[in-house]
Amino acid sequence: MIALYLLILVDSISATVIIPLLGPLLIDPATLVFLPDASLPLRNFVSGLLVATYVFLMLYMAPVLGRLSDQWGRRPVLLLCGAGVLLGNLLAGLAIDLHLLPLLFLGRLIGGATAAAQPTAQAALVDTGSNKARLLSYSMLFSSLGFVLGPVVASGLSTISFSAPLHLCTALTLIALVLLWTGYREVEKPGRKVDWSTISIFEGVRCFKEAAGDRAVRGILGGFLLMQVAWGSFFVFVSVYLMEAPRLDMSLHQVGAFMSIMGVGFCISNGLVQPALAERFGMRSLAVAGLALNAATMVACLLLGSAYQAYAAALVAGITVNIAYPSIVTMLSDRVTPERQGWILGMVGSAAAMGWGVSSVISGALGGLGQALPVVLAAALMAGAALAMTVAGSGGTTTAAPD
């Protein structure tokens, strides 16, 4: 299991490490690496495109690779994903060293297309047949750690060079691949083979249509998508609100502390709180409670009067959102057969990517009308997700797992 958890950690670090580097690489005139003669609007557009390229490739390919892992096996798909993450990091690091923007885009394309290591590794953990809720929660602990460590690695190693964080990710991915190759063996399933006739270039679209037509999962997946739009809106734009709110006027350093404390909340919830609660309460109850409390915390952020209150809200927000997240994922996993775990967990990754992409567009437009509006929207959508989750998926269940 160590190899699976390490691969999830590396995959998450690789997804986030580039984001803090985009400012000095493309925006700041003092450190500009790419497009030195281009206008600022064009450089901003390219910066956003680098993020969108990764997100939308992941959105499309995660369920495709998940279904492939159901047919071909978890191990070969995990090795394929790990190799893709390795190559993507290597190309991105070389692109920065050589000042080649097309090579950076190629690295992001490959990285995004193979960024299904987390859902496929989660499916491999579910295959073990142990405590599913606990294993999924621990997998999200490592994902959360990667989400926190990515920006830390970027800011720490960028003092050496802007490519150093990517080179470190390349080395870590190589270690994860070696451990996966030598230490992970899945249970053989006789007769399992890839039916290539069921997989095509339109597989991503087909997976979404299949999910929409499945009564057991569509309501839960729809509620999860709504949650991701809400959380993406809050996470991306709350920092702007905290710096602009007259009562707070927090500095960049204070906002950085706010985000770090939220990351600590992620880890506390996934490592301790959610697994403990899962021993006593049903997954639906935890999902609804986590979503509702998170919405209330977002509203509280609009009423803050000091930085210390903001730090407390950050911790609560990080804990509550990660009470809901693994609970919803467990609900989805419980509603499909073992032969479809890769597909459904791939759909989770795809829905998360879609939610964040949609939230960036909507909240970016609302932000021009007032810095508080994206946070208000996020709270309303999160409350709507809590309401939807009270009944989502109750009309059909593939397996007999309890809510």
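This text goes with the structure placed above it.
Residues numbered from 1 in each chain as written. Predicted model: local features only at pLDDT ≥ 70, side-chain atom pairs only at ≥ 80, totals over all residues. Heavy atoms only, no water.

Trainee: How should unusual backbone geometry be read in this particular structure?
Mentor: Across the chain, the bulk of peptide bonds are trans and the bulk of non-glycine residues have phi less than zero. Although it is not a glycine, Leu-35 adopts a positive phi angle of roughly 50°. Topologically, Leu-35 is positioned in the loop between α2 (22-27) and α3 (40-72). A residue is classified by how much of its surface remains accessible, and Leu-35, at 27% relative accessible area, is partly exposed. (Helix = DSSP H or I, 4+ residues; strand = E, 2+ residues; numbered from the N terminus. Buried < 20%, exposed > 50% of the residue type's maximum accessible area, 1.4 Å probe, protein only.)

Trainee: Would you mind going over the packing of aromatic side chains with me for this structure?
Mentor: Each aromatic ring pair is specified by the distance between its two centres and by the angle formed by the two planes. Scanning the model with the defined rule gives 5 aromatic pairs in all. Aromatic pair Trp-231 and Phe-234: ring centres 5.5 Å apart, planes at 35°, arrangement tilted. Here the residue Trp-231 and the residue Phe-234 both occupy positions in helix α10 (residues 218-244), the gap between them amounting to 3 residues, near one helical turn. For Trp-231, a relative accessible area of 6% puts it in the buried group. Classification of Phe-234 as buried rests on a relative accessible area of 1%. By the ring-pair criterion, three or more aromatic residues cluster together here, those being Trp-231, Phe-234 and Phe-266. The ring of Trp-181 is capped by Arg-75, whose NZ or CZ atom sits 5.0 Å from the centre of that ring. (Phe/Tyr/Trp six-rings, centres within 6.5 Å; stacked < 30°, edge-to-face > 60°. Lys NZ or Arg CZ within 6 Å of the ring centre and 35° of its normal.)

Trainee: Honestly, the packing of helix α1 (residues 2-16) against helix α4 (residues 74-98) in this entry has me stumped. Any pointers?
Mentor: What describes two packed helices is the angle between their axes and the distance between those same axes. Where α1 contacts α4, the two axes come as close as 11 Å, and the packing angle between them is 35°. Read as a crossing pair, α1 and α4 show a hand that is left-handed. For the pair formed by α1 and α4, the contact residues are Leu-4, Leu-7, Asp-11 and Ser-14 on the first element and Leu-78, Gly-82, Val-85 and Asn-89 on the second. Looking at the contact of α1 with α4 residue by residue, the classes come out as 4 nonpolar, 3 polar and 1 charged. (Axes fitted to C-alpha atoms, helices over the stretch in contact; angles between N-to-C directions. Left-handed = near helix turned anticlockwise from the far one by under 90°. Contact = heavy atoms within 4.5 Å. Nonpolar A, V, L, I, M, F, W, Y, C, P; charged D, E, K, R; others polar.)

Trainee: I would appreciate a short explanation of a nonpolar patch on the surface in the present structure.
Mentor: A grouping of Leu-87, Leu-90, Leu-94, Leu-98 and Leu-100 is seen on the molecular surface, where their side chains present a nonpolar patch of about 400 Å² in accessible area. Structurally, Leu-100 is set in the loop between α4 and α5 (101-113). Taking relative accessible area as the criterion, Leu-100 reaches 38% and is therefore assigned partly exposed. (Patch = residues over 30% accessible without salt bridge, like charges linked within 9 Å, V, L, I, M, F, W, Y side chains within 5 Å. Areas by Shrake-Rupley, 256 points an atom, 1.4 Å probe, with all protein chains shown as cover. Salt bridge = Lys/Arg side-chain N within 4 Å of Asp/Glu carboxyl O.)

Trainee: Before we go on, may I ask you to explain the nonpolar core in this structure?
Mentor: Here is a general trend for soluble globular proteins: nonpolar side chains tend to be buried in one another's company. With 65 residues, the main nonpolar core has Met-227, Trp-231 and Phe-234 as its most contacted residues. Put simply, the parts of the chain that give this core at least two residues each are α6 (117-127), α7 (132-157), α10, α11 (252-278), α12 (283-301), α13 (307-334), α14 (341-367) and α15 (373-389). Per element, the largest residue contribution to this core is 15 residues, and it comes from α13. Discounting residues that sit within four places of it in the chain, Trp-231 has contacts with Met-262, Phe-266, Asn-294, Met-298, Ala-317, Val-321, Trp-356 and Met-382. (Core = buried A, V, L, I, M, F, W, Y, C linked by side-chain atoms within 4.5 Å.)

Trainee: When you look at α3 in this model, what are you seeing that I'm missing?
Mentor: Given 3.6 residues to a turn, an α-helix orients residues that are three or four positions apart in the same direction. With 33 residues, α3 should reach 48 Å at 1.5 Å per residue; the first-to-last C-alpha distance of 46 Å fits that figure. At Met-61, α3 shows its maximal bend, which comes to roughly 35°, and the proline Pro-63 appears one to four places after that position. Looking one or two residues beyond α3, the residue adopting positive phi is Gly-73, at roughly 125°. (Expected span 1.5 Å × (residues − 1). Bend = angle between axes of the 7 residues up to and from the residue.)

Trainee: Help me understand the environment of Arg-335, please; the structure alone is not making it clear to me.
Mentor: One can find Arg-335 in the loop between α13 and α14. Separated by 118 residues in sequence, Arg-335 and Val-217 place their C-alpha atoms 6.7 Å apart.

Trainee: I keep staring at the packing of α12 against α15 and nothing clicks. Help me out?
Mentor: It is at 8 Å that the axes of α12 and α15 come closest, and there the two elements cross at 160°. It follows that α12 is roughly antiparallel to α15 by the angle criterion. Helix-helix and strand crossings are classified by hand; for α12 and α15 the assignment is left-handed. Between α12 and α15, the contacting residues are Arg-284, Ala-287, Val-288, Leu-291, Ala-292, Asn-294, Ala-295, Met-298 and Val-299 on the first element and Val-375, Ala-378, Ala-379, Met-382, Ala-383, Ala-385, Ala-386 and Met-389 on the second. A class-by-class count of the residues in the contact of α12 with α15 yields 15 nonpolar, 1 polar and 1 charged. (Parallel < 35°, antiparallel > 145°, perpendicular 65-115°, else oblique.)

From the geometry alone we can't say anything about function, so treat these as descriptive.
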